[in-house]
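Structure assessment
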Amino acid sequence: MVRCWWLAGLLVACAAAEPRCRQQLRHLQDSAGIAARLPPRLEGRWVSTGCEVRPGPEFLTRSYLFYSNRLFKALQFYYWDPSCRDPSYSLVIKGKLRLRQASWITRGATEADYHLHKVGIVFHSPRAMREVASWINQTSGEGCRGFLPPGRSWAPGALYEVLSAKTERDCTAALGFAMHELSLVRVERHFQPLLQPQQSGSRLVEELYLGDIHTDWGERLHYRPTGYQRPMQSALHHVHPCPACGIISRADEHHPPILPARAALPMQLSGSWVSTHCEVRPAVLFLTRYFTFHGNNHTWEGHYYHYSDPLCRQPTFTIYASGHYTQGIPSSKVRGGTELAFKVTQARVTPMDQVTVVMLNSSEPGSCGLAGSWSAGVEQDITPTKGCLALGIKLPHTEYELFKTEQDTQERSLLYIGERPTDGSSPDSPDKRPTSYQAPLIQCAAASEEFSNYISLKYVGRKDANGIEALKPLPVAFLLFIALLFSRWD
């Protein structure tokens, strides 16, 4: 009898897990009360919410101050480690920003022009001074040679000028430095419910999205962004709790922020993970993601919900993919990351608007499902045609990935998956493996709560290729009824 009630509890847990993931996706589709003002208001200080990872990899935190007269002062703090506890050097960037028109390329964004007046660097160790001086002396133009003469001793707190508009000197190229992120701007506002049980109401949260950094180091100096980096938050109106926000907002170039130590977590992929907000990719892709990893047999399923708008309200198409993955090994290039290889063996596509239907029906016969048979809301298997050329999907194929798990300040599990190449290609060889991360996914169901495919989100409210309504999740009451039948047989 005991094991029957255990079975009943397990069935209820399975039924509850999937709705939590669906609720999170519905929450995103409802835009969670997000408002974006055009043009955005930038005045005030904006800070990183944690240690950021840029392609390279580079580990940094940021603190940007925008004035009402369009001047700005940006601080970038660079570190040796992925926890942002061992500072290397700081950059002080001063200039002027002019907001222009709404972007014709990235919906919801505002384009901007910026002009740099000066950039200074402060070294936080003799090692940092030697390395940066070596980069500049070897790779910069004539005006920068001898930037720091050999043998110059480290002077704590000394500020060295690496760019000056007045003298037309620019020695920043060796650092891979550019502020093109300021050319694409978006500010979002939403309200966070108060966390304490005895409190009611909500607090304002403001987030600043700036342009993305190209994943290819050689392209970043010339790249004009079409996507975003990890958002910064207002120093006054940020999420709570956020220990890093206060530490970073109080820092300056001479006193870089040292973030709180965090315990390293083992890579635990098993379970289901979902996007925390509507995501934006370069080349103007808006999407949300939903993954399930089965650790017992190293198989995975992924759902990619694509939209035409920055709030993920207007669906265009959905991709379901599945396959298997390898055992992870610690990354030798990105400290704190885990390297894996993912094999994609199956995929299905559901067009959700008429534009996508027309595009897929215009595909070359044999290149994307059954030619001329696509219709809105109807899923079709593209495995027999070895993918879908129109959507850039090739089957089977292997991707070399970088993963990381951590916990946020509310002790929720987060999963970071490697950033996609900016040029739209696939990380299909080890040398293309990412060195930075996409926006995190949040765990919505633990490994013990995984459920079989038929309860998966891709079936809810869908029809199969024959026009028959697909199976929906079974109600909790029915699952309990099954458990009670088992108890009688026992």
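The sections below set out a description of the structure shown in this document. (Residues numbered from 1 in each chain as written. Predicted model: local features only at pLDDT ≥ 70, side-chain atom pairs only at ≥ 80, totals over all residues. Heavy atoms only, no water.)

1. A short note on the pattern of salt bridges
Applying the stated criterion across every chain, the model contains 20 salt bridges. The residue R186 makes a salt bridge to E188 at a minimum N-O spacing of 2.9 Å. Summarising the burial analysis for this pair, R186 and E188 share the class buried. E279 serves as the salt-bridge partner of R289, at 2.8 Å between the closest nitrogen and oxygen. Of this pair, R289 sits in strand β15 (residues 285-294) while E279 sits in strand β14 (residues 279-281); the two residues are 10 residues apart in sequence, bridging distant segments of the chain. (Salt bridge = Lys/Arg side-chain N within 4 Å of Asp/Glu carboxyl O. Buried < 20%, exposed > 50% of the residue type's maximum accessible area, 1.4 Å probe, protein only. Helix = DSSP H or I, 4+ residues; strand = E, 2+ residues; numbered from the N terminus.)

2. Looking at the nonpolar core
By size, the foremost hydrophobic cluster in this structure holds 40 residues, and its most contacted members are F66, L91, I93, I121, F123 and L208. Put simply, the parts of the chain that give this core at least two residues each are β4 (58-66), β5 (71-79), β6 (87-102), β7 (110-123), α2 (126-139), β8 (159-164), β10 (184-193) and β11 (202-210). Among all residues touching I121, those that are not within four sequence positions of it are Y89, S90, L91, V132, F147, A158, L159, Y160, V162 and L175. (Core = buried A, V, L, I, M, F, W, Y, C linked by side-chain atoms within 4.5 Å. Contact = heavy atoms within 4.5 Å.)

3. Focus on the packing of aromatic side chains
Under the criterion given, the structure shown has 14 aromatic pairs. For the pair F291 and F293, a centre-to-centre distance of 5.9 Å together with 15° between the ring planes defines the contact as stacked. Like F293, F291 is buried. Counting every residue linked through ring pairs, the aromatic cluster contains F291, F293, W300, Y304, Y325, F342 and F403. Over the ring of W80 we find R127, and its NZ or CZ is 3.5 Å from the ring centre. One Lys or Arg, R220, reaches over the ring of W217 and ends 4.3 Å from the middle of that ring. (Phe/Tyr/Trp six-rings, centres within 6.5 Å; stacked < 30°, edge-to-face > 60°. Lys NZ or Arg CZ within 6 Å of the ring centre and 35° of its normal.)

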